Amino acid sequence: MSAATPLDPAVAARLKRDRDGLVPAIAQQYDTGEVLMLGWMDDEALHRTLTTGRCTYWSRSRQEYWVKGDTSGHAQHVKSVALDCDGDTLLVKVDQVGAACHTGDRTCFDAAPLPLG
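Everything numeric here is computed off the predicted structure, so don't read it as measured data. (Residues numbered from 1 in each chain as written. Predicted model: local features only at pLDDT ≥ 70, side-chain atom pairs only at ≥ 80, totals over all residues. Heavy atoms only, no water.)

## Considering the side chain of Asp-43
For step 1, the next point in the chain: Structurally, Asp-43 is set in helix H2 (residues 43-52).
For step 2, the next point in the chain: A distance of 2.8 Å separates polar atoms of two side chains, one belonging to Asp-43 and the other to Arg-17. (Helix = DSSP H or I, 4+ residues; strand = E, 2+ residues; numbered from the N terminus. Polar contact = N/O pair within 3.5 Å; in protein donor to acceptor, adjacent residues only side chain to side chain.)

Set out below in structure tokens:
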């Protein structure tokens, strides 16, 4: 992960990161409200997302940045980014092209609901 980032200092000051410097980022389809996936961003990934208009995440397993859709073609075009009231979660509203999930599903939350009660 990047040690020095060009992220706006006012934005960076609002972020509450985990011990690895990451913040969860929820991707949501901007026009339907469909929750697509959860990824992780550090300051550099957020800066790239805000300045390029494409979602950039930090891969915890590969230890590298990845731009959603660069290899799959299933891009996320950013419409807006918001920080929650605690500063510890990002909501990225996107226009999703194709599947959001690495399994090929539209959303990572297509599995059967867990039983209640």
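## Focus on the pattern of salt bridges
For step 1, the next point in the chain: Applying the stated criterion across every chain yields a total of five salt bridges.
For step 2, the next point in the chain: Notably, a salt bridge pairs Glu-44 with Arg-48, separated by 2.9 Å at the nearest N-O pair. Within this pair, Glu-44 and its partner Arg-48 are both found in helix H2, separated by four residues, close to a single helical turn.
For step 3, the next point in the chain: Judged by relative accessible area, Glu-44 falls into the buried class, the value being 11%.
For step 4, the next point in the chain: With relative accessibility at 30%, the residue Arg-48 sits in the partly exposed group.
For step 5, the next point in the chain: Among the salt bridges present, the one from Arg-54 reaches Asp-70, with a minimum N-O distance of 3.3 Å. With a gap of 16 residues between them, Arg-54 in the loop between H2 and strand E3 (56-59) and Asp-70 in the loop between strand E4 (64-67) and strand E5 (76-83) connect regions that are remote in the sequence. (Salt bridge = Lys/Arg side-chain N within 4 Å of Asp/Glu carboxyl O. Buried < 20%, exposed > 50% of the residue type's maximum accessible area, 1.4 Å probe, protein only.)

Coordinates in, geometry out; function isn't part of it.
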